[in-house]
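# Working through the structure, step by step
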Amino acid sequence: MLHFHFKSPSRPAIAMAAMLSVLSTAAGAQAFRAESMVHSGPANGAVPVQATVSDPELILLLSGLAKIESDLQLGMLFLQDGLSNAEGSHFAEPRVETYPNIKEGLVKAGIADFEALLVALEAGGDKATVTAAYTEAITAIMRARSTLRPSAQDMLTSIVDQARAVADEMNPAGPTELQNYQDAWAMLMVARTQVDLLSRSQDAAIIEAAREMVSAFDNIIIEMPDPNAGGAVAFDPAPLLEVITRLERLAGSV
């Protein structure tokens with residue numbers, strides 16, 4: 001198992017958070033305007049060309065895309081730590097664990113199959129090659145979200161679903177295995193980034209809900225142990241479960 005290394009050991013979590021944000025933003029900026037992810041309805045009366053996707057399936061697709069994104073970001077962090085190929089990284093996980101569960105739904109929604117981009121990441125290569133493949137894959141994820149045209153309520157529900165998935169990775173009876181903990185940490189960071197998008201809504205209730213979510217997520221992230229660990233990580237998920245309960249009430253009140 002490879003671990004992350006940082007030049008400033010006292011603030012590794014901050015460094016990782018900044019890198020996650022930069023990697024995601026840089027890759028997605030050219031794909032579409034971030035605020036286009038959250039819609040209250042079709043703009044200018046235009047009707048998006050896509051098949052009907054049920055609400056539960058839409059949440060599944062949004063949460064699946066978020067999981068793929070978090071795995072790819074972890075893989076990129078492994079690369080930044082000196083890994084020159086996909087072996088031992090997280091690049092191989094999305095195509096095996098997540099993409100098969102959402103591929104059919106994405107195609108149904110009119111989204112181009114991007115499995116080949118995940119395969120390219122698995123192939124590894126030098127930093128430039130992998131970085132280019134990563135950028136293409138993240139851009140595809142951003143475009144997929146944009147095509148799905150989730151409402152603010154959809155995004156809220158998906159974020160709560162992602163938070164539950166984070167909690168599921170944690171061991172409530174003792175230390176959590178390192179890989180599970182790193183997965184949980186990255187998933188929470190991706191969900192936290194999506195909350196920022198909600199703050200761009202024109203709905204005052206959504207903006208207020210986003211502010212409360214930001215505070216709730218940040219309080220948890222600050223308390224979470226450093227993911228740059230040498231073994232299992234001790235972290236009581238009880239505070240996270242309390243936050244999830246708050247988020248569920250929040251999402252249901254909007």
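So, a few notes on the structure that sits alongside this text. (Residues numbered from 1 in each chain as written. Predicted model: local features only at pLDDT ≥ 70, side-chain atom pairs only at ≥ 80, totals over all residues. Heavy atoms only, no water.)

Moving on, we get to the overall build of the protein. Across its full length, the protein holds nine helices and zero strands. Going from N to C terminus, the protein has its helices and strands arranged as α-α-α-α-α-α-α-α-α. The buried share among the 254 residues of the protein stands at 48%. Restricting to contacts in the protein with at least 6 residues of sequence separation, those with at least 24 account for 79%. As displayed, the protein has an accessible area near 11,900 Å², and 53% of this comes from carbon and sulfur atoms. (Helix = DSSP H or I, 4+ residues; strand = E, 2+ residues; numbered from the N terminus. Buried < 20%, exposed > 50% of the residue type's maximum accessible area, 1.4 Å probe, protein only. Contact = heavy atoms within 4.5 Å. Areas by Shrake-Rupley, 256 points an atom, 1.4 Å probe, with all protein chains shown as cover.)

This part takes up the nonpolar core. Grouped together as the largest cluster of nonpolar side chains are 66 residues, with contacts concentrated most on Leu72, Phe114, Met213 and Phe217. Apart from the residues within four sequence positions on either side, Met213 is in contact with Leu156, Ile159, Val160, Val195, Leu247 and Leu250. (Core = buried A, V, L, I, M, F, W, Y, C linked by side-chain atoms within 4.5 Å.)

For the rest of this paragraph, the subject is helix α6 (residues 152–169). The end-to-end C-alpha distance of α6, which contains 18 residues, comes to 26 Å, matching closely the 26 Å that a straight helix rising 1.5 Å per residue would cover. What α6 keeps buried is the set Ala152, Asp154, Met155, Leu156, Ser158, Ile159, Val160, Gln162, Ala163, Val166, Ala167 and Glu169. The inward-facing, buried residues of α6 contact α2 (55–80), α7 (178–198), α8 (204–223) and α9 (238–253). (Expected span 1.5 Å × (residues − 1).)

Within the secondary structure, Thr245 is located in helix α9. Assessed through its relative accessible area of 35%, Thr245 is described here as partly exposed. Thr245 sits 85 residues away from Val160 along the chain, and the two C-alpha atoms are 9.0 Å apart.

Turning our eyes to something else, we now look at the pattern of salt bridges. Under the defined criterion, the tally for this structure stands at 12 salt bridges. A salt bridge links Arg192 to Asp218; the nearest nitrogen and oxygen atoms lie 2.6 Å apart. One end of the pair, Arg192, is in helix α7; the other, Asp218, is in helix α8, with 26 residues separating them in the sequence. The partly exposed category is assigned to Asp218, whose relative accessible area is 25%. With a closest N to O distance of 3.9 Å, Glu208 and Arg211 form a salt bridge. With a gap of three residues between them, Glu208 and Arg211 both fall in helix α8, about one helical turn apart. Under the relative-accessibility criterion, Arg211 is labelled exposed at 56%. Connected via shared salt-bridge partners are Arg95, Lys103, Asp113, Glu115 and Glu122. (Salt bridge = Lys/Arg side-chain N within 4 Å of Asp/Glu carboxyl O.)

A separate point is the packing of α2 against α6. Contact pair α2 / α6: the axes reach a minimum separation of 9 Å and the direction vectors enclose 55°. The pairing of α2 with α6 is recorded here as oblique in orientation. For α2 against α6, the interelement crossing comes out right-handed. Only Asp154, Met155, Thr157, Ser158, Asp161 and Gln162 of α6 make contact with α2, whose side of the interface consists of Leu58, Ile59, Leu62, Ser63 and Ala66. Residue composition of the contact of α2 with α6, by class: five nonpolar, four polar and two charged. (Axes fitted to C-alpha atoms, helices over the stretch in contact; angles between N-to-C directions. Parallel < 35°, antiparallel > 145°, perpendicular 65-115°, else oblique. Left-handed = near helix turned anticlockwise from the far one by under 90°. Nonpolar A, V, L, I, M, F, W, Y, C, P; charged D, E, K, R; others polar.)

Looking at the element boundaries, Asp154 is found in helix α6. Although Asp154 lies buried, it forms no salt bridge, and the closest oppositely charged side chain, Arg149, sits 9.6 Å away as judged by the N-O distance. In this structure the side chain of Asp154 is engaged in a polar contact, spanning 2.9 Å, whose partner is the backbone nitrogen of Ser151. Setting aside chain neighbours within four positions, we find Asp154 in contact with Leu58, Ile59 and Leu62. (Lys, Arg positive; Asp, Glu negative; His and termini not counted. Polar contact = N/O pair within 3.5 Å; in protein donor to acceptor, adjacent residues only side chain to side chain.)

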